[in-house]
Structures are given as C-alpha cells and as structure tokens.
Amino acid sequence: MKNKVFKNLAVVALAGGVAASFSSCLKDKPFPLYGNKASAKVQYKYAETADSLQEKTYTTFISANGNYFVANNAGSTTFNYWPNAHTLDIFTDAYLRTNNDIYKQRMSSLLAGIKATNGGLSNNFYDDMEWLDLAALRAYNATKDAAYLTAAHALWADIQTGENNNQGGGIAWRKNQLDYKNTPANAPAIIFAARLYALEKNEADLATAKRLYTWLKKTLLDPSGIIWDGINANGDGQISKWKFTYNQGVFIGAALELYHVTKDAAYLTDAVNTANATINDTDISPGGILKSEGQGDGGLFKGILIRYLTLLALDPDVAETDRTKFISFLKFNAETLYTAGIERPSLMISPDWKKKPSGTTDLTTQLSGVMMVEAAATLKSAGKF
C-alpha cells in the first residue's frame, strides 16, 4: 500500500491515541470480555446480512464506469489498487457461500477493470501485488476460470523480483526501496507460494515459501508470538515494533498454509501461538474487541486478520481448547459489529466495531466489516456459532 510507513504512524496514533502504542508492554494481562456477553435477545442473521452488505457495498462504491471501486462513499473517484484486490476477495467469499453467478460476473469484471484502470497488473508495491495475487488464486480455485490463474502467474513472476539479501533476505516492500523489508510484503507471499504449490506441485514455490518464512520468523517474530511490522524502515536497520492486526493475520495464514503442504507441526504451533498472543494482547484486542485502526489503509487491517484467524479456527488439526478460544473471540467480534458497528439502513460500517459510523466511510473500512460478517456466516454454517 502506498506511503505505508507514514500512514502506519498516523494509524497507530489514531488507534491508540498515545505515542506509547508503538511500544506497549507485551506483559500486560489480557482482559477479554468475550464469553460474558449476553446475546440471546438478538437473532444473528449473518448470511442474510452478508447478502445485504455485499449489495450495498457494490452499489455504493462502484465507479461510474463500472471498472473498479472508489475510495469512499462521499463522491470519490479515486482508484486504490490494494482495496480493489480485497474487493475481489469478498466477491469470492460471497460466490463460495451462495453459488450465485452474479458474484462470479462481478469477480470477472473487477479483475478486468483493475487491469484496465491500473494499466496492467504490475505495481510499485510488492505487498499490493500480493493481495491481488492471493485474490486471483482464490478466484481461480472457486471458478476454474483460467484468466485468474494467468493473472496469478504474471503477478507472481513480478513479485519474486523483490526478493534480495538486504536485511538478510525477504521480499522488499516496494521496487524503489529494496532495503526495507516488512511482514506485509512477506507473509502474503508465503501464503500464495504455499497455495500455488498445493495446486501445481512446483517444488520451487514450496522452497520459496519456506525460505521467506524462515527469514520472517527469525527477523520479526517476537518470542511472545506477536509479529512486528518491518525492519529498516528508516535506513537504520532497526525493527519497527508496531502492532497491527493484519500483520498477525497474515503470519497466522503463512504458518497455516505451510503446515497444510508440509504437515510439519512446528508451523501449526507457530500459527496457534500467534493467534493466542493476538487475542490476548491488550493493544490489539482491548476488552476482547479488535481495536480501531482508523480508516484509509488501517480500515482494512482487521478484516485481513479475521480472514486468517477464521481459517485457523476451522482447521481440524487445531486443539479443541485453542479452537474454542478462537471461535469465542470471533463470535464476540461478530456480534459486537452486528449490533453496534453497522449503521442501518445505510449498511455502512464503522472503523470502531463498538459504535456506529459517522461521516464518510472508506472502502477499506467497509471491506473489513464485510469480511467479518462473511466469516461469521461461514462459522455459523459450520455449526461453530
């Protein structure tokens, strides 16, 4: 995403309100409230609400030419690459849930629209391309439309040019800053490489996933299980100890996907450890609710965590004690958003899931809420809620 270093600083300041958010103490005792919330009086219709949110998001944010989704609901015409990648992902969520061809049509139109609007698939930011790569591969697996796999291969070839030995390894954040490495440019690449290996059995992809994971874990994983944001952001070789929700999510996803293709239990242990650290961290999940990280880029962060934590919670190899904790956490966040964070009848979503939105709603913020409700529909269908 563009201007990530500077935007992240703003996001943290908004979310925490104090400079201490950068280095909050990990030894704080968690105080999760989930599990204590009475919900019997509310009938949670997650699938129906997901349908309504999907439709409202589509009609509210679609550009005038129908090629992409604009930055906010206040008359913006701005095209932002990485939120549109996640828009493709939510359409895939809906298609997998409903098997309704309208979502299949929207998926196809959006991939073509991103390409046309962006002037091709390539981007200066490696992490942005990775989000679209992940969305394209999911869309291919859901539809078997070869256009998505072609796009995924083209993006992957470009992304791999970002790997170098600066900071000991890893993929760079962007093409004109090859010595800055971060979790958003590496964990999604690991997820993609592992999934592509599962599909095509190209050993080079598995080797890349393992190599990037080894570097990421060694460089940015705290012993607590929290994954830090990056290294060398300011050219000083220092680690940026910023705790963002989506970084935890993609590290969970990276470990989980490597477990799937290798059956090495160490990867699953890593995923579970980071998930437990995340739900117990009083900066990330104060009171058991994922913090607000503002709008803009930060608006999308929670939804990305929810996507990968849900996959972990549904994995049959996760111990029941851990699964119960993850599902309780997801349920509490879903119920809180459902009852407090969605404005009705507009169906716009707040960056703070504990209260109604006010003013403009960004596409990023809306997408996080849709991801939460889609995840809740999946968990309810699976009998977990």
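Residues numbered from 1 in each chain as written. Predicted model: local features only at pLDDT ≥ 70, side-chain atom pairs only at ≥ 80, totals over all residues. Heavy atoms only, no water.

(A) Representation of the environment of Asn165 in the model. If you trace the backbone, Asn165 turns up in the loop between α6 (146-159) and β1 (172-174). In this structure Asn165 comes out as exposed when scored by relative accessible area, which is 71%. With 13 residues separating them along the chain, Asn165 and Leu178 place their C-alpha atoms 9.5 Å apart. (Helix = DSSP H or I, 4+ residues; strand = E, 2+ residues; numbered from the N terminus. Buried < 20%, exposed > 50% of the residue type's maximum accessible area, 1.4 Å probe, protein only.)

(B) Structural context of unusual backbone geometry. Here the bond from Arg344 into Pro345 is cis, since omega is 15°, no more than 30 degrees from zero. The topology assignment puts Pro345 in the loop between α12 (320-341) and α13 (363-381). Its identity as a non-glycine residue notwithstanding, Asn99 has a phi of 60°, on the positive side. You can call Asn99 exposed: its relative accessible area is 56%.

(C) Inspection of the sheet that holds strand β4 (residues 239-240) at higher detail. Spatially, β1-β2-β3-β4 is the arrangement adopted by the 4 strands of the open sheet, whose pairing is antiparallel. Here the strands that pair on one side only, and so sit at the sheet edges, are β1 and β4. Here 2 bridges tie strand β2 (residues 177-182) to strand β3 (residues 230-231), and the two strands are oriented antiparallel to one another. Paired with Asn182 across the strands is Gly230, a residue of β3. Against the sheet, helix α7 (residues 183-200) makes contact with β1 and β2, and its axis sits at roughly 70° relative to β2, the strand it touches most. (Pairing = 2+ DSSP bridges. Contact = heavy atoms within 4.5 Å. Axes fitted to C-alpha atoms, helices over the stretch in contact; angles between N-to-C directions.)

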